Every structure is written in C-alpha cells, then in structure tokens.
Amino acid sequence: LKKKAKAWEKEANDVNLAAVLGAGIMGGGVAFQSALKGTPIIMKDINQDGIALGLKEAKKLLSKRVEKGKMKPDQMADVLNSITPTLNYGDFKNVDLVVEAVVENPKVKDAVLRETEDAVREDTILTSNTSTISIDLLAKNLKRPENFCGMHFFNPVHMMPLVEVIRGEKTSDRAIATTVAYAKAMGKTPIVVNDCPGFLVNRVLFPYFGGFIGLVRDGADFQHVDKVMEKFGWPMGPAYLLDVVGMDTGKHAGEVMADGFPDRMKHEGTTAIDVMFDNNRYGQKNDKGFYKYE
Ligand code: NAD
C-alpha cells in the first residue's frame, strides 16, 4: 500500500476543524479518533440519545487508555473537550471537512448531504462513510460535487487502519488530497479507489456474507461456522462480525450490493440476516443479534 506521494497530494487543504454527521457506531468512532489525534470535531445527530451514545463510547475508550497508563486524566479531558456535540448546523461555517455517517439509506444520506452543503463554506470538503452506496449517486443532487468523495472507515474505527477514499466522476483532486491528508492525520492508511457499489473491501466481504447465508440456509449452525472461521485464522466468524456491524446496516448494505451486482449478490427468499432484522436483533448495538450481549 506504500506509494510515492502523488502530485495531487500537494493540493490538500488544512483540516483544522472537522464534523461528523451521525453519532452512532461509526460517527462516535470517527469523533473519538479525530479528537485523539488532534483534530477537533463537531459531532451532530438528530437526537440527544444518539449524541449520548457517541460520547459514552468515546469516554469508554479514553478511560481504558487512562487505566492502562497510556494517557493522563487531564489529556482525556482535553480530548473529550475537542468533541463538540450538537443537534444543529450552527458552527458548520468553520468546518473544513465533514464525514457523513448516518444510516445506510440513499434517501436519508441525500437529504443530509444537501442540508450540510447549505450549512458549510464553498470550499469545505464533504465526504460519506457509506459502506456500499455509489458516490456518484450521492453526488447527483449536490451543488458542488467536486468537493465530495467517499471516506470509508472500518469498524471499530480506532482499531482498523484502512480507510477507502472513493473518487467519484466529478470529485476534484483537492477533495481527494484533503481527505487522504485527514485520514493520515487520524493515523490511518488511506487507499484511493474508484466508485462502484461496495468499493473494494465490501465487494470482497459481501460475497463472504453470501456464502455464510447459503450455509445457514443449507442447515449449518451459525456458531459452528464462526468457530471454524476462527480456527481458519480470521479474528471472528461471519455471524459475530454481522453483530458488530449491526444487522440494519448489514441488511441495507446487502440490498445495495444486490442491486449493484444482481447476478452475483442477490439472495432469493428470506436470509438469516432478514430473520435477525425482522426480530429486532440488530447485534451489539441493541445487545442481541446472532448472540446475546447482556
Ligand atoms: P448507527 O445506526 O450506529 O448510527 C447512525 C446514526 O445516525 C444514529 O445515531 C442516528 O440517530 C443518526 N442519524 C440518522 N439520521 C440522521 C440525520 N439526518 N442527521 C444526523 N444524524 C442522523 O449506524 P453506523 O453503523 O454508525 O453506520 C453509519 C454509516 O457508516 C452507514 O452508512 C454505514 O453503512 C457506514 N459504515 C458502517 C460500518 C459498521 O460496521 N457499522 C462500517 C463502515 C461504514
């Protein structure tokens, strides 16, 4: 993944203040990582519960660092103070780069990105942490699509080094360069990829979930599959991974992949993911999925 600096990398704008939209699993993680590595960040959600969850997660991660002696309590306070929670777009005029991390639904993302575009400066870079939705589709209704690209983190954000930076048809070099520089400032390893449903990683991961769905349909026990995949050498099996990702996100992302690649990723009938989702078993986010987490 190591490559020589490209000419366009010089076009990066400074990111002195970032913002994240959505304080869920991913938004909370992005806020924590940005603040930890020194870029203050505004964290916006639509409800106070969302904000509270995002801040709780950041506090938990920081407390662990303090317990392990990796950080002093006053440093923890500084990091927390550099995350500004909000329910409105009040301070967005000072924001240099925005990471959109709301639910994996093209209509919701479209609306959120358009309102954000109206709230920021003309040179602010807008990015989406979508797992699967095409960047060109999300850019369709934007006034400044040149300022927009994908910035796809992996879960949990503080542990996973990779960030996919996705170049849409109209994305400028400045947008890519700024996003790559911000990812590096967050201690991550960015790779620039072209646009398509699922980008690079999820084009590999979703067929794997498809294999899992098929095995369960054929009668396999999900716990057995998980144990076998762990013995194979993976850090966790597919059922546990779906619990970590969140069944709602997994289901919606799976639908985008099936629409994008119907011949390869469409599953007939009800899948194990549908069964979990329909029974309100969203995974770790609500303490029950394939497994229970109480
Ligand atoms: P989540 O359900 O944990 O969080 C979504 C948050 O967005 C919620 O707090 C919700 O209140 C908030 N929200 C909804 N509408 C909003 C709006 N209009 N304005 C502001 N906030 C709003 O979801 P998540 O798992 O964090 O996923 C968020 C995005 O990140 C999705 O696009 C998902 O595909 C992507 N992603 C998820 C994972 C994963 O493993 N969960 C990994 C990579 C990328």
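Residues numbered from 1 in each chain as written. Predicted model: local features only at pLDDT ≥ 70, side-chain atom pairs only at ≥ 80, totals over all residues. Heavy atoms only, no water.

### Section: the packing of aromatic side chains
Moving on, step 1. Inspection of every chain in the model, using the stated rule, returns eleven aromatic pairs.
Moving on, step 2. Three or more aromatic residues link up through ring pairs in this structure, and these residues are Phe212, Phe222, Tyr240, Phe290, Tyr291 and Tyr293.
Moving on, step 3. Lying across the ring of Tyr89, Lys44 places its NZ or CZ 4.7 Å from the centre. (Phe/Tyr/Trp six-rings, centres within 6.5 Å; stacked < 30°, edge-to-face > 60°. Lys NZ or Arg CZ within 6 Å of the ring centre and 35° of its normal.)

### Topic: the side chain of His152
Moving on, step 1. If you trace the backbone, His152 turns up in strand E6 (residues 148-152).
Moving on, step 2. Filtering out sequence-adjacent residues up to four positions away, His152 remains in contact with Ser128, Asn129, Thr130, Ser131, Leu162, Val163, Glu164, Ile166, Phe199 and Asn202. (Helix = DSSP H or I, 4+ residues; strand = E, 2+ residues; numbered from the N terminus. Contact = heavy atoms within 4.5 Å.)

### Here's the deal with the site of the ligand
Moving on, step 1. Looking at the ligand, there are 22 residues lining it, with Asp45, Glu104, Lys109, Ser131 and Val245 nearest.
Moving on, step 2. Contact distances for the ligand include 2.6 Å between an oxygen atom and a side-chain N or O atom of Ser131.
Moving on, step 3. In this structure, an oxygen atom belonging to the ligand sits 3.0 Å away from a side-chain N or O atom of Asn155.
Moving on, step 4. Among the elements of the structure, helix H1 (25-36) and helix H4 (106-119) are those that each provide at least two residues to the shell around the ligand. (Near = heavy atom within 4 Å. Polar contact = N/O pair within 3.5 Å; in protein donor to acceptor, adjacent residues only side chain to side chain.)

### Quick look at the domain arrangement of the chain
Moving on, step 1. Structurally, the chain comprises domain 1 (7-194) and domain 2 (203-284).
Moving on, step 2. The gap between the C-alpha centroids of domain 1 and domain 2 is 27 Å.
Moving on, step 3. Contacts between domain 1 and domain 2 engage six residues on the former and eight residues on the latter.
Moving on, step 4. Both faces combined, the contact of domain 1 with domain 2 buries some 550 Å², and carbon together with sulfur accounts for 69% of it. (Domains from an automatic or database assignment. Buried area = accessible area lost by both parts, 1.4 Å probe.)

### Quick notes on the sheet that holds strand E2 (residues 41-44)
Moving on, step 1. Pairing is mixed in the open sheet, where eight strands are placed in the order E3-E2-E1-E4-E5-E6-E7-E8. Unpaired on one side and paired on the other, strand E3 (83-86) and strand E8 (189-194) mark the two borders of the sheet. Across this sheet, the average inter-strand angle for adjacent strands is 25°, counted without regard to direction.
Moving on, step 2. Bridge analysis of strand E7 (residues 162-167) against E8 gives six bridges, and the strand direction is parallel. In the strand pairing of E8, Leu162 is matched with Thr189.
Moving on, step 3. Packing against the sheet, helix H6 (residues 173-185) makes contact with strand E1 (18-21), E2, strand E4 (97-100), strand E5 (125-128), E6, E7 and E8, and its axis sits at approximately 25° to E6. (Pairing = 2+ DSSP bridges. Axes fitted to C-alpha atoms, helices over the stretch in contact; angles between N-to-C directions.)

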